[in-house]
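Summary of the model geometry
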Amino acid sequence: MFRHALLLLLIVPALASAGDYCENDVVIIDSRFDGGRLDDCLFVSEDSVVLTFRNEDFSVEDTFAWFAFHISARDSRNVEIKLQFPDSYARFWPKLSKDRLHWEPADESTAERSEIGKSMTLRLPVDETGTWVSAQELLTQSFYRDWLGQLEAHYEIETSVIGESHDGRPLYLASTADKQEAIVLIGRQHPAEVPGALAMREFVDALLGTSDLAREFRARYQLLIIPLINPDGVAAGHARHNAGLADLNRDWGPFTQPETQAVAALLDALDEQGIRPRLMLDFHATKVTDTMIFYTQVPEDDTDPERFATRWLESADDRFEDFEFTHDPREPSGLDNTKNYFFSRYGIPAITYEIGDEIDRELIFDHTHVLAAEMMRTMLEEPTAD
Ligand SMILES: [Zn+2]
């Protein structure tokens, strides 16, 4: 009986998403693509439309909704688009693209949030070729396919499938050869947190670079890279959940979802091989818009390597001239998140690496290689385990 009720709840949102496409005589709006999201669409006049974006499911906490659609017109004209978020609020400043590869935030003069923040109005010149409008850059299957291809081309990297998502998508691991000590990097638990994905790609690039430091680092530490742990959520345009209506970053310990189960099995296999994780970085994004935040263990906590986060982040900070970021050490919160799980299982630094939603992307590119270099330098100062 319970199972039946749950199935009904699962089916209803799917029927309601018939609003994922609409057109009038001149304007066409379409969200039927990987990562697309539009729940309802209502033309108020020929050049004015109201778009509604709902949360991905009834159980999501920390609510905010993703949006992504393509808008085109049969002739060039200005269209007023109201984006409304009845379950949540307008967290993201719209990003625009003509080709789905190059994105710019909407100009300040063309978009405004309503006073209470539940909606946003965008005035956009639209033409036949159209424009992609999205909460953040669309980093979907094709982005990860390309990235995994590039990783695979690196002579030290092998990619493998460690499991399947709720909807049967492969969960990929990119790893270097077995070593006694490993560094674990996890990406995209929360689908909407794209700046974290941009930072992760830069970070991984730095670790795989040709510098003496990177080579020395890879000679000692095995890299275990899981770029996309929530492929279903990304494909469906979710903000936070996987396709099993779960926040994966609250499932480390319970392991009720196939995505976290796959990583748990990987960790068990490492134990059997005598490979020990020494550091875990989990890439996210935060609505604190224009900075980076590192959630770490309280320094007095007995992490091994000892005081790693403070040493790492202070040495990176010394190299930044005009950039402030936040190091926010916290007691274990009792949440079943990756950070608490890796710390409690291994006693290692387990760090949530947060990038501000609206940070200037150039800052990510400029600063990530410094953070990666200082991480490698700090980890290489450690005496070898055993
Ligand atoms: Zn997150």
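Residues numbered from 1 in each chain as written. Predicted model: local features only at pLDDT ≥ 70, side-chain atom pairs only at ≥ 80, totals over all residues.

1. Topic: the overall build of the protein
The helix and strand tally for the protein stands at nine helices and 19 strands. A compact globule built from 386 residues should have a C-alpha radius of gyration of about 21 Å, and the protein, at 22 Å, falls within 12% of that. Its C-alpha atoms give the protein principal-axis dimensions of roughly 70 × 60 × 40 Å. Counting across all 386 residues of the protein, residues that qualify as buried make up 43%. (Helix = DSSP H or I, 4+ residues; strand = E, 2+ residues; numbered from the N terminus. Rg over C-alpha atoms; globule rule 2.2 N^0.38 Å. Buried ≥ 20, exposed ≤ 12 C-beta atoms within 10 Å, placed from the backbone.)

2. A few points about the pairing of strand E3 (residues 40-45)
Sheet topology note: the E3/strand E4 (residues 48-52) ladder contains five bridges and is antiparallel. Bridging across to E4, Phe43 finds its partner in Val49. Here E3 folds back onto E4, and the loop between the two strands holds two residues. (Pairing = 2+ DSSP bridges.)

3. Quick look at the domain arrangement of the protein
On domain assignment, one finds that the protein holds domain 1 (17-134) and domain 2 (141-380). Put simply, the middle of domain 1 and the middle of domain 2, counted by C-alpha atoms, are 31 Å apart. Across the contact, 17 residues belong to domain 1 and 16 residues belong to domain 2. Tallied by class, the residues present in the side of domain 1 that touches domain 2 amount to seven nonpolar, three polar and seven charged. (Domains from an automatic or database assignment. Contact = placed C-beta atoms within 7 Å. Nonpolar A, V, L, I, M, F, W, Y, C, P; charged D, E, K, R; others polar.)

4. Some remarks on the packing of helix H3 (residues 194-207) against helix H9 (residues 361-380)
Viewed as axis vectors pointing N to C, H3 and H9 meet at an angle of 45°, and their least axial separation amounts to 8 Å. Relative to H9, the element H3 is oriented oblique. Crossing of H3 over H9 shows right-handed handedness. Between H3, through Pro195, Leu198, Ala199, Glu202, Phe203, Ala206 and Leu207, and H9, the contact on the second element is made entirely by Arg361, Ile364, Phe365, Thr368, His369, Leu371, Ala372, Ala373 and Met376. Partitioning the contact of H3 with H9 into residue classes produces 12 nonpolar, two polar and two charged. (Axes fitted to C-alpha atoms, helices over the stretch in contact; angles between N-to-C directions. Parallel < 35°, antiparallel > 145°, perpendicular 65-115°, else oblique. Left-handed = near helix turned anticlockwise from the far one by under 90°.)

5. Quick notes on the sheet that holds strand E13 (residues 170-175)
Ordered in space as E12-E13-E15-E14-E16-E19-E17-E18, the eight strands form an open sheet in which the pairing is mixed. Each edge of the open sheet is held by one strand with a lone partner, namely strand E12 (158-164) and strand E18 (326-330). Adjacent strand axes in the sheet meet at a mean angle of 20° when their direction is disregarded. Across the sheet, helix H7 (residues 308-319) is in contact with strand E17 (292-297), E18 and strand E19 (350-356); its angle to E17 comes to roughly 155°.

6. Re the nonpolar core
By size, the foremost hydrophobic cluster in this structure holds 97 residues, and its most contacted members are Phe67, Leu185 and Leu207. Counting residues per element, this core draws most heavily on H3, at nine residues. Counting residues domain by domain, this core receives three or more from each of domain 1 (17-134) and domain 2 (141-380). Non-local contacts of Leu207, meaning those with residues more than four positions away in its chain, are made with Ala214, Phe217, Leu223, Ala372 and Met376. (Core = buried A, V, L, I, M, F, W, Y, C linked by C-beta atoms within 7 Å.)

7. Let's talk about the environment of Ala265
Positionally, Ala265 belongs in helix H6 (residues 258-273). In this structure, the C-alpha to C-alpha distance between Ala265 and Glu137, residues 128 residues apart in sequence, is 32 Å.

8. What to know about the sheet that holds strand E11 (residues 131-134)
Pairing is antiparallel in the open sheet, where six strands are placed in the order E1-E2-E5-E11-E7-E8. The two strands at the open ends of the sheet, each matched to only one other strand, are strand E1 (21-23) and strand E8 (104-105). In this sheet, strand E5 (residues 68-73) lies alongside strand E2 (residues 27-30) in antiparallel orientation, the contact comprising four bridges. For Ile29, the partnering residue across the bridge sits in E5 and is Ile71.

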